[in-house]
Amino acid sequence: MPTQRVLDPRHTESALESDQSQPSLLPSKVREFGFIPDFDDWLPGDLVLVSRLRRNLIERQVVKTQARLGHARVDAQWHHAAVYVGDRYLCEARPGGVRYRPVVESVDRNTLLRIRRNIDLTDSERFRVAIRTLMRLSQAYSYASVVGAFFRPLSPKRFVLSLSAHKRALICSQLFHDAYAEVTASILVDRLDRAVVPAELSATTRLDDVEVHWKHLG
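To keep things clear, this report deals only with the structure shown in the data block. (Residues numbered from 1 in each chain as written. Predicted model: local features only at pLDDT ≥ 70, side-chain atom pairs only at ≥ 80, totals over all residues. Heavy atoms only, no water.)

This paragraph deals with the sheet that holds strand β1 (residues 16–19). Spatially, β1-β9-β2 is the arrangement adopted by the three strands of the open sheet, whose pairing is mixed. Sheet topology places β1 and β2 (35–37) at the edges, where each strand pairs with a single neighbour. With direction set aside, neighbouring strand axes in the sheet form an average angle of 45°. (Pairing = 2+ DSSP bridges. Helix = DSSP H or I, 4+ residues; strand = E, 2+ residues; numbered from the N terminus. Axes fitted to C-alpha atoms, helices over the stretch in contact; angles between N-to-C directions.)

Shown next, in the form of structure tokens:
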């Protein structure tokens, strides 16, 4: 299994030269951390996987359930997914619906980030993936029922049935998967009878990891 390329807040020793972002415009947790991703590595339409070192109850349950479904620990650790839309912004599905927000809100000493993409896509296709996710901003998606499926102590079989019952609810990983499928007319996960979970987007060989770097804050 190839080694995952991850932006790990515990390993910043090879960070690049200073970033020109104005520290006063950044969240205090980012200023305290002192590093920011090198966004020159990122492209619109990229998948962004998120894993926190110190997780809340729901995040721990997502990781635990993905492991119980048979996903390797290295894939099950990714409990959230988002789509990079450019200009240092993410589009993501969270309780209450789809929204966009600055990437730096996910940057601190506690959060790992991993960027994945299909390197064969054209620039036009990448932008269309980003646009497809943003088109969902006006839709009142809520996936509280799907979070409930993760949270309840279900057997793997019952968990799959629960996700199948709510497959039209847009969870974070489904947002990227659906946009990608609409643009490319291809799928990343073969089973479409239920919602796609983050571990499946981590494990798929149809996406490649992007080499990513930290930058010192100016």
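A few words now on the sheet that holds strand β7 (residues 111–117). If you trace the six strands from one edge of the open sheet to the other, you get β6-β5-β4-β3-β7-β8, paired in antiparallel fashion. Looking at which strands have only one partner, the edges of the open sheet turn out to be β6 (97–102) and β8 (208–209).

A separate point is the nonpolar core. Core analysis: the biggest nonpolar cluster contains 23 residues, and Trp42, Val48, Tyr84, Leu113 and Trp214 have the highest contact counts within it. Listing elements by their share of this core, those giving two or more residues are α1 (28–33), β2, β3 (47–52), β4 (80–86), β7 and β9 (214–217). If sequence neighbours within four positions are ignored, Trp214 has contacts with Leu7, Asp8, Pro9, His11, Thr12, Ala15, Leu16, Phe33, Phe35, Ile36, Pro37 and Val107. In this structure, Ala81, Leu121, Cys172 and Phe176 belong to the second largest nonpolar core, which totals 18 residues. (Core = buried A, V, L, I, M, F, W, Y, C linked by side-chain atoms within 4.5 Å. Buried < 20%, exposed > 50% of the residue type's maximum accessible area, 1.4 Å probe, protein only. Contact = heavy atoms within 4.5 Å.)

All right, on to unusual backbone geometry then. Although it is not a glycine, Asp87 sits at a positive phi angle of roughly 55°. By secondary structure assignment, the location of Asp87 is in the loop between β4 and β5 (89–94). Residue Asp87 is classed as exposed on the basis of its relative accessible area, which comes to 67%.

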